[in-house]
Amino acid sequence: MTLPIIIDTDPGVDDAMAILYALAAPEVDLIGLTSVYGNVPGALAAANALRLVELAGADIPVAVGADGPRVQAPVGDATHVHGPAGFGTVSLPEPTRLADPRSAPQFLAENCAARPGEVTIVAVGPLTNLAAALDATPGIASTVRSVIVMGGAVRCGGNVTPYAEANIWQDPHAAERVFGADWPVTLVGLDVTERITCTAADLLPMVSASPRTGAFLAEAAEFYFDFHRRTAEIDGCHLHDPAAVIAAHAPELFTTHAAPLAVTLDGEAVGQTREAPSGRPVEICLDADIEGVRAQFLCALHAGWLP
Ligand code: BDR
Ligand code: CA
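Note that this is a predicted model, so its numbers are computed, not measured. (Residues numbered from 1 in each chain as written. Chains lettered and ligands numbered in written order. Predicted model: local features only at pLDDT ≥ 70, side-chain atom pairs only at ≥ 80, totals over all residues. Heavy atoms only, no water.)

Asker: Looking at this model, I keep getting lost on the overall build of the protein. Mind explaining?
Answerer: Assigned secondary structure in the protein consists of 13 helices and eleven strands. Compactness check: the protein gives a C-alpha radius of gyration of 17 Å against a globular reference of 19 Å for 307 residues, within 12% of the reference. Its C-alpha atoms put the protein at 50 × 40 × 35 Å along the principal axes. Here the contacts in the protein between residues at least 6 apart in sequence split such that 81% fall between residues at least 24 apart. With an accessible surface of roughly 11,400 Å², the protein has 55% of that area assigned to carbon and sulfur atoms. (Helix = DSSP H or I, 4+ residues; strand = E, 2+ residues; numbered from the N terminus. Rg over C-alpha atoms; globule rule 2.2 N^0.38 Å. Contact = heavy atoms within 4.5 Å. Areas by Shrake-Rupley, 256 points an atom, 1.4 Å probe, with all protein chains shown as cover.)

Asker: Hey, could you run me through the layout of surface pockets in this one?
Answerer: By rolling a water-sized probe across the atoms, one finds the places where empty space is left. Volume-wise, the largest pocket comes out at about 520 Å³. Every residue lining the largest pocket is counted, 30 residues in all, and those nearest its centre are Val81, Asn159, Val160, Ala166 and Phe227. Elements represented by at least two residues in the lining of the largest pocket include exactly helix H1 (13-24), helix H3 (79-82), helix H7 (166-170), helix H11 (211-231) and helix H12 (240-249). Partitioned by chemical class, the residues of the lining of the largest pocket number eleven nonpolar, twelve polar and seven charged. (1 Å grid on protein atoms, 1.4 Å probe; cavity = no way out; pocket = protein on both sides within 12 Å on 5 of 7 lines; lining within 4 Å. Points joined across faces, edges and corners; volume = space filled by probe spheres on them. Nonpolar A, V, L, I, M, F, W, Y, C, P; charged D, E, K, R; others polar.)

Asker: Sorry, what's going on with the site of ligand 1 here?
Answerer: In the vicinity of ligand 1, the contacting residues are Asp14, Asp15, Asn39, His82, Val124, Met150, Asn159, Glu165, Ala166, Asn167, His240 and Asp241. Separating an oxygen atom of ligand 1 from a side-chain N or O atom of His82 is a distance of 2.9 Å. The fraction of the free accessible surface of ligand 1 (280 Å²) that becomes covered by protein chains is 95%. Taken atom by atom, the bulk of ligand 1 overlaps the largest pocket. If you list the elements that add at least two residues to the shell around ligand 1, you get H1, H7 and H12. (Near = heavy atom within 4 Å. Polar contact = N/O pair within 3.5 Å; in protein donor to acceptor, adjacent residues only side chain to side chain. Sits in = over half its atoms within 2 Å of the grid points.)

Asker: What is the right way to look at the pairing of strand E4 (residues 120-123) in this model?
Answerer: Put simply, side chains in a regular strand alternate between the two faces of the sheet. Side chains Thr120 and Val122 project from E4 onto one buried face, and the interleaved Ile121 and Ala123 project onto a second face that is buried too. Bridging between strand E1 (residues 3-9) and E4 involves four bridges; their strand directions are parallel. Among the inter-strand pairings, Ile7 is bridged to a residue of E4, identified as Val122. With four bridges joining them, E4 and strand E5 (residues 146-150) adopt parallel strand pairing. Paired with Val122 across the bridge in E5 is Ile148. (Buried < 20%, exposed > 50% of the residue type's maximum accessible area, 1.4 Å probe, protein only. Pairing = 2+ DSSP bridges.)

Asker: Explain the coordination of the calcium ion (ligand 2) here, please?
Answerer: Angles at a metal have ideal values that depend on geometry: 109.5 degrees with four tetrahedral donors, 90 or 180 degrees with six octahedral donors. Note on the calcium ion (ligand 2): its protein donors are Asp10 (OD), Asp15 (OD), Asp15 (OD), Val124 (O) and Asp241 (OD). The metal-donor distances range over 2.3 to 2.6 Å. All donors to the calcium ion (ligand 2) come from one chain, and their sequence spacing reads D-x4-D-x108-V-x116-D. Of this pair, Asp15 sits in helix H1 while Asp241 sits in helix H12; the two residues are 226 residues apart in sequence, bridging distant segments of the chain. For the residue pair Asp15 and Asp241, the accessibility class agrees, reading buried in each case. (Donors = N, O, S within 2.8 Å, 3.2 Å for Na, K, Ca; no water.)

This is the structure we're talking about:
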C-alpha cells in the first residue's frame, strides 16, 4: 500500500531531508509540494522546492503558497539556521520547471477532494497555507486523511523563545485555526524531534549510493550542523521535518497522547503550544522509538533510490 502525501514546506535544510526521504521511501507517494515562507522568504521557498524536485529528478508539481502570516507582522526568516539561500552554503541552479498554476491552498483542497480520505498533508513550515485552505475550502477538513504538523513544544521549551517552536511562532493564528479544525491532526513537535539526530558520518553512505542528492545534502547540512554545534552543543542536527514525514509513514514508531491544544497568540509566550482543558483533541507525539526513526530515515536515504 502506498501512502499519498503532500508536503507543505519552507525549504530549509531539514525540509530538504524530509522531501528526499519521501522521494526515497518506496511506499510513500509524494503527490506534490506546497511552498510557504518561513526558513526563507516565500519566493525563495517556492524556488527551492522546485530546485529540490529537479535535483532529485522527480516529476511532481510545486504549488506556491504564502509569503507571510495573515494576522501578525512577519517575524523574519531563519537564514542564520539554514544558510543565506536555505541550503547552507550550496547554491543550486535556477529551476527550469514552472510552478503549478494553482495556489498552495487550492492545490491542497483539490488533491484531497480528488481522493477523499486518502491524502495526508505533512506540514513542516508555518501553517499559513493550511489555515488559508480551511478558510477558502472548509470541505477540505472532511476529505483529508490526516494532517501531520512538525511544530510546537508541548512539554518542553521552545527553540526560538523559551516558549515557542519556530513554525508555530511564525504564524500562531494559523496554528490555532489548524488545531481547532475538524480534521485529524498529529503534532510532531520538539518533545520528540530534538531527541532524533543525525551526524555528518550518517550521511556518507548516501553520498556513495546517490551521488547527486547525497553530495548536495551532505554539503547543505554542514551549515545546519554548525548551527547545532554552536547552539545545542550536539555533533549533528535534529531531524525535525523528516520526523513528521516518518510519523505519517511509520506511525508505530511514535507514542501519542490525545489532548486539545491552545496556542498563545500574543505576549511574551507568543507561539507557545499548551494542552487546553477542552476543545478538539490533537494527537501529540510525546515519545518515539528514537533509534527506529533514525534508522527509518537513514535506510531510505542509503538505499540508492535517488540519483
Ligand atoms: C522547524 O523550524 C524550521 O527551522 C525547520 O525547518 C523545522 O520545520 C523546527 O523548529
Ligand atoms: Ca521546515
